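Working through the structure, step by step
One letter stands for each residue in the lines below.
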Amino acid sequence: MTWEERFLVLKTMFVQGMPMTLKLIGASLLFALLIGIVLGTVRSMKIPVVDQILGAYALICRGIPTIIILLFFYAYFTRGTQFWISVLAISMVEGAYMMEIVKGGYLSVDKGQWEAADSVGLPRLYTITRIVLPQVMLVIVPALMGQIVMLVKGTCVAATIGCMDVLRRAQLLLPKYSYPLEIYAYILVIFFVMCHFLTWLGKKLERTVVKRIIGD
Amino acid sequence: MNFGVIIKYWPRLWSGLQLTLLYSAIAIVLAIVWGVLIGAISYRKPPVIGQITRAYVCFFRETPLLVQLYFLFYGVSRYISVPAGFIGVLALVLNDGAFIAEIVRGGLQSLDPGQREAALSLGFNEFQTMIYFLIPQAWKKVLDSLINMMSIIIKDTSMLMWITICELNYQCNQVNIYSFDPISAYMFGAAVYLALFLIVQGVRRLIKVRSNRIDKRLNMKTNKEEVLNV
């Protein structure tokens, strides 16, 4: 592959593929976090019937491969672009994992914390924002960042149903520039850089959260 | 859900299920062996190899399995002729082995350093210490996470569909194409994967209950010994 071709390949991947990948990551992350935080909060309250339904939802999303859910949605929904179908499938699956993480965070806070805050007469809002949430954050931030890395890795399955992300663009380049080893290596590096940045950010965030809440 | 479709295409689905189970079994065994090896190396941190294993674990944990599969299948097999099944197992082992290596390393690090020193002082060399003393102790600690990884490997075999291996997910896709019945086709596949997941989780729970019982018995024994010694 000459340098000119290499430049063209990289330019095509970055200009045409990257915006779609970033949009995919952004939208899936938004919905997954929304599902995770809202349903995780609901789940931690242990409402009888709702809890069983959410438990079944978590079990289904943890037990079935994302790809089969994605293909099912792609075959079943006759409307909607590949982008939104991918976002639906990915955020549904990752949202279930995040729901479990958030639930675990809420349940890790001892009931005595609430009672202690009540007994010294703190207002309810103050109890939630200053007593309970910091302890929840301490548990869920590392796990949530790990799950976000999994989500970024998971978005590449969208290429298999024809969502024009960076992987699909690279595949479409292959007939013209027939150097699969090099082109797929670029994709690997792109994903590695994104995930490694997020891992680094997660470590830093974890340290900040620990420092803010526990102190040195 | 239409059971007629499933019965009609049963031979297809059955062969797909067999392939899924075969690849899962091979990948699980090899990934655990590979993961324990890499985990032991990254625990000991020998000068050059330690750096390489760390880079390997870091790289393979932070890139998607699908791209790794494409890279190995379309990239490497262009120059070296290897069957798709070999590439599929290789990618699964490299990817999930990296995760297992991290788990095993964590287990080894949680052990008391005195264990290693005691074994070394008894005249065992590094390799024997690892094989006879450290790995068996760490194994007990990481078994729960390893069984969890098994269910992840079973799920990951569904990715092999994209490198021309006709496993369950591929066959479900084909059934949908032939019968235009996405609900029956994919629900069958989903139910099978869910059943495999539940079986693995059941095994996990059984082992947990058993090891708890053994722990309790051991604790009772040690307590008794302490009492007798006093």
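Cut-off values and rules
- Residues numbered from 1 in each chain as written.
- Chains lettered and ligands numbered in written order.
- Predicted model: local features only at pLDDT ≥ 70, side-chain atom pairs only at ≥ 80, totals over all residues.
- Heavy atoms only, no water.
- Helix = DSSP H or I, 4+ residues; strand = E, 2+ residues; numbered from the N terminus.
- Buried < 20%, exposed > 50% of the residue type's maximum accessible area, 1.4 Å probe, protein only.
- Contact = heavy atoms within 4.5 Å.
- Areas by Shrake-Rupley, 256 points an atom, 1.4 Å probe, with all protein chains shown as cover.
- Axes fitted to C-alpha atoms, helices over the stretch in contact; angles between N-to-C directions.
- Parallel < 35°, antiparallel > 145°, perpendicular 65-115°, else oblique.
- Left-handed = near helix turned anticlockwise from the far one by under 90°.
- Nonpolar A, V, L, I, M, F, W, Y, C, P; charged D, E, K, R; others polar.
- Disulfide = S-S within 2.5 Å.
- Phe/Tyr/Trp six-rings, centres within 6.5 Å; stacked < 30°, edge-to-face > 60°.
- Patch = residues over 30% accessible without salt bridge, like charges linked within 9 Å, V, L, I, M, F, W, Y side chains within 5 Å.
- Salt bridge = Lys/Arg side-chain N within 4 Å of Asp/Glu carboxyl O.
- Lys, Arg positive; Asp, Glu negative; His and termini not counted.
- Charge placed at Lys NZ, Arg CZ, Asp CG, Glu CD.
- pLDDT = per-residue confidence, 0-100.
- Buried area = accessible area lost by both parts, 1.4 Å probe.

Re the overall build of chain A
Within chain A, the secondary structure is distributed over 8 helices and 0 strands. The helix and strand sequence of chain A, counted from the amino end, reads α-α-α-α-α-α-α-α. Here the C-alpha coordinates of chain A stretch approximately 75 × 45 × 25 Å along the principal axes. Per-residue burial over chain A gives 44% buried out of 216 residues. Within chain A, residue pairs in contact and separated by at least 24 positions form 77% of the contacts whose partners lie at least 6 positions apart. A total of about 11200 Å² of accessible surface is found on chain A, and carbon and sulfur atoms cover 68% of it.

Some points on the packing of helix α1 (residues 3-44) of chain A against helix α6 (residues 124-154) of chain A
In a packed pair of helices, the relevant descriptors are the angle between the two axes and the axis-to-axis distance. Residue and element names in this part refer to chain A. It is at 10 Å that the axes of α1 and α6 come closest, and there the two elements cross at 140°. Classified by the angle between their axes, α1 and α6 sit oblique to one another. Considering only the axes of α1 and α6, their crossing is right-handed. Contacts between α1 and α6 involve Ile25, Ser28, Leu29, Ala32 and Leu33 from the first element and Leu144, Ile148, Leu151 and Val152 from the second. In terms of residue class, the contact of α1 with α6 is built from 8 nonpolar, 1 polar and no charged.

Focus: the state of the cysteines
Taken as a whole and assessed by the stated rule, the structure comprises 0 disulfides over all chains. Between A:Cys195, a free cysteine, and A:Cys156, which holds the nearest cysteine sulfur, the sulfur-to-sulfur gap is 9.3 Å. A residue is classified by how much of its surface remains accessible, and A:Cys195, at 0% relative accessible area, is buried. Residue B:Cys166 stays outside any disulfide, its sulfur separated by 12 Å from that of B:Cys172, the closest cysteine. By relative accessible area, B:Cys166 is classed as partly exposed at 32%.

Notes on the packing of aromatic side chains
Counted according to the given criterion, the structure contains 20 aromatic pairs over all chains. Ring centres 5.7 Å apart and planes at 40° place the aromatic pair B:Tyr70 and B:Tyr74 in the tilted group. Here B:Tyr74 and B:Tyr70 lie together in helix α4 (residues 65-75), a separation of 4 residues that amounts to about one turn. Judged by its relative accessible area of 5%, B:Tyr70 falls in the buried class. Cluster of aromatic residues (ring-pair linked, three or more members): A:Phe72, A:Phe73, A:Tyr76, A:Phe77 and B:Tyr186.

Digging into a positive patch on the surface
Residues A:Lys203, A:Lys204, A:Arg207, A:Lys211, B:Lys45 and B:Arg54 make up a contiguous surface patch of positive charge. Considering each element in turn, the positive patch owes the most residues, 4 residues, to helix α8 (residues 180-213) of chain A. Mapped onto the elements, B:Arg54 comes out in helix α3 (residues 47-61).

Some words on the confidence of the model for chain A
Chain-level statistics for chain A give a pLDDT mean of 91 and a share of 100% at 70 or above. Confidence, read as mean pLDDT per element, is least for helix α5 (residues 111-119) of chain A in chain A (87) and greatest for helix α4 (residues 82-107) of chain A (93).

Examining the interface of chain B and chain A
On the chain A side, the residues contacting the 35 residues of chain B number 31 residues. Buried area between chain B and chain A, summed over both chains or domains, comes out near 3300 Å², and the portion from carbon and sulfur atoms is 79%. Area buried by chain B at its contact with chain A is led by B:Glu62, B:Phe71 and B:Lys155, which between them contribute 18% of it. On inspection of chain B and its partner chain A, the count reaches 0 salt bridges.

Concerning unusual backbone geometry
Residues and elements named next belong to chain B. Phi is positive for Thr164, close to 65°, though the residue is something other than glycine. The topology assignment puts Thr164 in the loop between α7 (126-156) and α8 (168-179). Here the phi dihedral of Phe180 falls at roughly 50°; this positive angle occurs in a residue that is not glycine. The class of Phe180 is exposed, set by a relative accessible area of 73%.

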